[in-house]
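# Survey of secondary and tertiary structure
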Amino acid sequence: MLQKLIAGIMIVFIMNVAIITNSNVVFAQTKGEVPGETLGLKSDADLWRFIRNGNTGSTQMKDELAAVMIQSEGDNWRALRNGPVSVFGGIGLAGIIGLLIVFYLYRGKIKVESGLTGQTILRFATIDRFAHWLMAGSFVLLAFTGLNMLYGRYVLLPILGPEFFSAITVFGKYIHNYLSFGFMIGLAIAFILWVRHNIPTKIDWEWLKKGGGIFKAGMHPPAKKFNAGQKMIFWITMIGGLSVSMSGIALMFPFETNMFSETFAMLNVFGLDLPTNLTAIQEQQYNQLWHGIVSLGLMIMIIAHIYIGSVGMEGAIDAMNSGKVDRNWAKEHHNLWVKEEDEKNKKPEPAE
């Protein structure tokens, strides 16, 4: 029995020696290289460079992104998002608020100089006000939840703590996603209702040359239902709103669109050399950056719009509350529109 045990141990020992010896021979023959002249121990620098440049390897996983070990463009995306986009966006938001405060101290509230008459004229119907408040209300909530995603970890997290901040951020994410459709519906309705009133005319140039009369009392340039300033806000809102909606949809349904590749291809017609062979993750990074930049630009403009439509001008808020405005307010700010409305409502003289 003892002899059999000793023989078994010797056999195992001889097998181990053979395996180790054979491994040393193979290592000596290949000198650290993987057979088949593929990248191995001798080419660590080349292998790392290959991976670091974001090249795609091979994988049995169905997700094609799994074949990319390191996506280098993510560094650029993070640097832009946390750098220029966040910094200049914050400066823009703080700057417009400060500018409006200075303007209010200089100009004060723009009054109806001829006084309120108590007589009103219908400016916006119910459907107009519905479209406005649907678009405006959803945009405000989208703005707050979006700003939380961009700045919340620096501003709110230290104040609220991780648990409460996490809860409101997750809740805000759902608000942001679902209310975006309300914003898009309001945007579409407002475009259909108001586009015919927002076609630029020669009158708008006169309005712009006089600064809309907001810088000097007693100056009331002619204007129809929408003045030049309102037309600018309309077109920026429509174009910017459409753009931010498209990028938002691409972010909600990731890796399904190629909008930036197609856009860059069209722009290259003008001699630009923009990349057109973007990966799915690169498309998402461009979408996220563009979404943030356009959203911040819209916020800056809308803050000024909210100011002039509320505390900045007497009687302006009535247009979107009751839909009716004082006749003297209308004559001072939209005199040509008042004449048009009076002509439409003028009763025909009885025939003799």
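The notes below deal with the structure included here. (Residues numbered from 1 in each chain as written. Predicted model: local features only at pLDDT ≥ 70, side-chain atom pairs only at ≥ 80, totals over all residues. Heavy atoms only, no water.)

## Let's talk about the packing of aromatic side chains
This model, assessed by the stated rule, comprises 13 aromatic pairs. Aromatic side chains Phe103 and Tyr307 sit 6.3 Å apart centroid to centroid with 80° between the ring planes, which places their arrangement in the edge-to-face category. On the criterion of sequence distance, the pair formed by Phe103 in helix α3 (residues 73–107) and Tyr307 in helix α10 (residues 280–308) is long-range, its members being 204 residues apart. In terms of burial, Phe103 and Tyr307 fall into one category: buried. Here the aromatic rings of Phe124 and Phe226 are separated by 6.0 Å at their centres, their planes lie at 55°, and the arrangement is tilted. Placement of the pair is Phe124 in the loop between β1 (120–122) and α4 (126–155) and Phe226 in the loop between α7 (202–209) and α8 (228–252), with a sequence separation of 102 residues. The same class applies to Phe124 as to Phe226, namely buried. A network of ring pairs unites the aromatic residues Phe103, Tyr104, Phe215 and Tyr307 as a single cluster. (Phe/Tyr/Trp six-rings, centres within 6.5 Å; stacked < 30°, edge-to-face > 60°. Helix = DSSP H or I, 4+ residues; strand = E, 2+ residues; numbered from the N terminus. Buried < 20%, exposed > 50% of the residue type's maximum accessible area, 1.4 Å probe, protein only.)

## Some words on the layout of surface pockets
Each pocket or cavity is described by its volume, and for the second largest pocket that value is around 810 Å³. Residue lining of the second largest pocket: 28 residues in total, with Met149, His176, Leu251, Gln288 and His291 positioned closest to the centre. Mapped by element, the contributors of at least two residues to the lining of the second largest pocket are α3, α4, α6 (162–194), α8 and α10. For the lining of the second largest pocket, a count of residues per class yields 16 nonpolar, ten polar and two charged. (1 Å grid on protein atoms, 1.4 Å probe; cavity = no way out; pocket = protein on both sides within 12 Å on 5 of 7 lines; lining within 4 Å. Points joined across faces, edges and corners; volume = space filled by probe spheres on them. Nonpolar A, V, L, I, M, F, W, Y, C, P; charged D, E, K, R; others polar.)

## A few points about unusual backbone geometry
Phi at Phe255 takes a positive value of approximately 65°, unusual for a residue other than glycine. The topology assignment puts Phe255 in the loop between α8 and α9 (259–267). Exposure remark for Phe255: the relative accessible area of 40% places this residue in the partly exposed category.

## What to know about the nonpolar core
Phe183, Trp194, Leu296, Trp329 and Ala330 are the most contacted members of the largest nonpolar core, which has 37 residues in total. Of all the elements in the fold, those that place two or more residues in this core are α3, α4, α6, α8, α10, α11 (318–321), α12 (327–333) and α13 (335–345). Apart from the residues lying within four places of it in its own chain, the contact partners of Trp329 are Val112, Arg123, Met313, Glu314, Gly315, Ala316 and His334. (Core = buried A, V, L, I, M, F, W, Y, C linked by side-chain atoms within 4.5 Å. Contact = heavy atoms within 4.5 Å.)

## Points about α8
With 25 residues, α8 should reach 36 Å at 1.5 Å per residue; the first-to-last C-alpha distance of 35 Å fits that figure. The N-capping residue of α8, defined by a side-chain oxygen 3.1 Å from the backbone nitrogen of Gly229, is Asn227. (Expected span 1.5 Å × (residues − 1). Polar contact = N/O pair within 3.5 Å; in protein donor to acceptor, adjacent residues only side chain to side chain.)

## What to know about empty space enclosed by the protein
Gaps left between atoms are located by rolling a probe of water-molecule size over the structure's atoms. Following the criterion strictly, the structure yields one cavity of 30 Å³ or more and no others. Lining the largest cavity are Arg107, Ile110, Lys111, Glu113, Gly213, Lys216, Ala217, Gly218, Met219, His220 and His333. Its residues assigned to classes, the lining of the largest cavity shows three nonpolar, four polar and four charged.

## Here's the deal with α3
Quick reminder: α-helices carry 3.6 residues per turn. Residues three or four places apart thus point the same way. The end-to-end C-alpha separation of α3 is 48 Å, in line with the 51 Å expected for 35 residues at 1.5 Å each. The sharpest bend along α3 measures roughly 35° and falls at Leu80, with the proline Pro84 sitting one to four residues further on. Of the residues making up α3, those classed as buried are Gly74, Arg81, Gly83, Val85, Ser86, Gly89, Gly92, Leu93, Ile96, Leu100, Phe103 and Arg107. At its buried positions, α3 is contacted by α4 and α10. (Bend = angle between axes of the 7 residues up to and from the residue.)

## Description of the environment of Arg129
Along the polypeptide, Arg129 turns up in helix α4. Judged by relative accessible area, which is 16%, Arg129 ranks as buried. Separated by 194 residues in the primary sequence, Arg129 and Gly323 have C-alpha atoms spaced 7.2 Å apart. Only 3.4 Å separates the side chain of Arg129 from the backbone oxygen of Ser322, close enough to count as a polar contact.

## Topic: the pattern of salt bridges
Counted by the stated rule, this structure contains six salt bridges. Two residues, Arg327 and Asp342, come together in a salt bridge whose shortest N-O distance is 2.9 Å. Of the two residues, Arg327 sits in helix α12 while Asp342 sits in helix α13, which places them 15 residues apart along the sequence. For Lys344, the salt bridge identified is with Glu341, shortest N-O distance 2.9 Å. Highlighted residues: Lys344 and Glu341, both in helix α13, separated by three residues, approximately one helical turn. (Salt bridge = Lys/Arg side-chain N within 4 Å of Asp/Glu carboxyl O.)

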